[in-house]
Amino acid sequence: MPTAVANRPLVSAKPVAAPAALPAGDKPVAAPAAAPTLSPVAANTPSLMNGLDIIRTSAAVGQAAGRVAFTPPVIVDIFKSSIRSGFSLTNIAWFVVPSAIRNGRDVASDKISVGRAAANVSTEATMGIGKGIMAGTVVQSLSIATGPLMGLLPISPAILPFVSIGVGLVGMVGTYWVMNKVVKATGIDQKMADTLTRWFGGDKAGTTTPPKVQ
């Protein structure tokens, strides 16, 4: 009940309740910062407003581009893998060893010069690497393209791996067949061998027709 001291009433204030405790793990969320206000001049100037819109759009595009990771196409990975396979020791030896034996025998029997033999081996190795890269690209592309279709075939799942191997073999053999036709039609292997022979010292004296690359 209020009383008076020196003609001034005293009012008993009610205690203020303490704020309720937040549950464990919850943190108070700060109020969002107020958006900056534009002056009347800027708000009513179209050129300034357009400039601000461009800045906001550029910032949004930059943030989105920073979050997006570039994924190269699958064909890039296939081609890189085929290049490594083409330059593998196994693939190079597949062409170099028989060529070296054959041309070494021709040098020993005095049929061709050492320069021609070296040029032939280099040419056949280069052609083999190119064919290996193309065959690897085709085979891997066929495997990826036909993989989803394998499940639609009305055959036993146990046979699917053999079907996939057959598709790969057909792709490899077909690629080598086409590449051999292209090389024969263009004569690029013979042109390369002749050029390298001149670099390596030339043919044997008296040779009128350059030996064909085998």
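Values in this document were obtained by computation on a predicted structure and should not be read as measured data.

**Some details on the overall build of the protein**
Next up, step 1: A count of helices and strands for the protein gives 7 helices and 2 strands.
Next up, step 2: Beginning at the N terminus, the succession of helices and strands in the protein can be written as β-β-α-α-α-α-α-α-α.
Next up, step 3: Of all 214 residues assigned to the protein, the portion counted as buried reaches 21%.
Next up, step 4: Long-range pairs, those at least 24 residues apart, make up 68% of the contacts in the protein between residues at least 6 apart in sequence.
Next up, step 5: By element, 70% of the accessible surface of the protein is carried by carbon and sulfur atoms, the whole surface being about 15700 Å².

**Thoughts on unusual backbone geometry**
Next up, step 1: Positive phi, close to 65 degrees, is recorded for aspartate 110, a residue that is not glycine.
Next up, step 2: Looking at the secondary structure, you find aspartate 110 in the loop between helix 4 (89-108) and helix 5 (114-150).

**Some thoughts on a nonpolar patch on the surface**
Next up, step 1: Residues Leu153, Ile155, Ile159, Phe162, Ile165, Leu169, Met172 and Val173 make up a contiguous nonpolar surface patch of roughly 730 Å² in combined accessible area.
Next up, step 2: Take leucine 153: it is sitting in the loop between helix 5 and helix 6 (160-186).

**Here's the deal with the packing of helix 5 against helix 7 (residues 188-199)**
Next up, step 1: One way to put it is that helix 5 packs onto helix 7 with a least axis distance of 8 Å and a crossing angle of 140 degrees. Judged by the angle between their axes, helix 5 and helix 7 are oblique. The handedness of the crossing between helix 5 and helix 7 comes out as right-handed. Facing helix 5, whose interface residues are Gly115, Arg116, Ala119, Asn120, Ser122, Thr123, Thr126 and Met127, helix 7 presents Ile188, Asp189, Gln190, Met192, Ala193, Asp194, Leu196 and Thr197.
Next up, step 2: Residue classes in the contact of helix 5 with helix 7 are distributed as 6 nonpolar, 7 polar and 3 charged.

**A short note on the pattern of salt bridges**
Next up, step 1: Within this structure, the stated rule accounts for 3 salt bridges.
Next up, step 2: A salt bridge links arginine 102 to glutamate 124; the shortest N-O distance between them is 2.7 Å. With arginine 102 in helix 4 and glutamate 124 in helix 5, the pair connects residues that are 22 residues apart, well separated along the chain. We note that arginine 102, like glutamate 124, is buried.

**Quick look at the packing of helix 4 against helix 5**
Next up, step 1: Helix 5 packs onto helix 4 with a crossing angle of 160 degrees between their chain directions and a minimal axis gap of 9 Å. Viewed along their axes, helix 4 and helix 5 adopt a mutual orientation that is roughly antiparallel. Relative to helix 5, the crossing made by helix 4 is right-handed. Contacts between helix 4 and helix 5 involve Asn91, Ile92, Phe95, Val96, Ser99, Ala100, Arg102, Asn103 and Val107 on the former and, on the latter, Val114, Ala117, Asn120, Val121, Glu124, Ala125, Gly128, Ile129 and Gly132.

**What about the side chain of threonine 175?**
Next up, step 1: Examined against the element boundaries, threonine 175 turns out to sit in helix 6.
Next up, step 2: By relative accessible area, threonine 175 is classed as buried at 9%.
Next up, step 3: A polar side-chain atom of threonine 175 sits 2.6 Å from the main-chain carbonyl oxygen of glycine 171.
Next up, step 4: Residues in contact with threonine 175, not counting those within four places in the same chain, are Met134, Ala135 and Val138.

**Considering the confidence of the model for the protein**
Next up, step 1: Residues of the protein with pLDDT of at least 70 account for 62%, and the chain-wide mean is 74.
Next up, step 2: The element-level mean pLDDT for the protein is lowest in helix 1 (residues 40-43), coming to 48, with helix 7 highest at 91.

Calculation rules
- Residues numbered from 1 in each chain as written.
- Predicted model: local features only at pLDDT ≥ 70, side-chain atom pairs only at ≥ 80, totals over all residues.
- Heavy atoms only, no water.
- Helix = DSSP H or I, 4+ residues; strand = E, 2+ residues; numbered from the N terminus.
- Buried < 20%, exposed > 50% of the residue type's maximum accessible area, 1.4 Å probe, protein only.
- Contact = heavy atoms within 4.5 Å.
- Areas by Shrake-Rupley, 256 points an atom, 1.4 Å probe, with all protein chains shown as cover.
- Patch = residues over 30% accessible without salt bridge, like charges linked within 9 Å, V, L, I, M, F, W, Y side chains within 5 Å.
- Salt bridge = Lys/Arg side-chain N within 4 Å of Asp/Glu carboxyl O.
- Axes fitted to C-alpha atoms, helices over the stretch in contact; angles between N-to-C directions.
- Parallel < 35°, antiparallel > 145°, perpendicular 65-115°, else oblique.
- Left-handed = near helix turned anticlockwise from the far one by under 90°.
- Nonpolar A, V, L, I, M, F, W, Y, C, P; charged D, E, K, R; others polar.
- Polar contact = N/O pair within 3.5 Å; in protein donor to acceptor, adjacent residues only side chain to side chain.
- pLDDT = per-residue confidence, 0-100.

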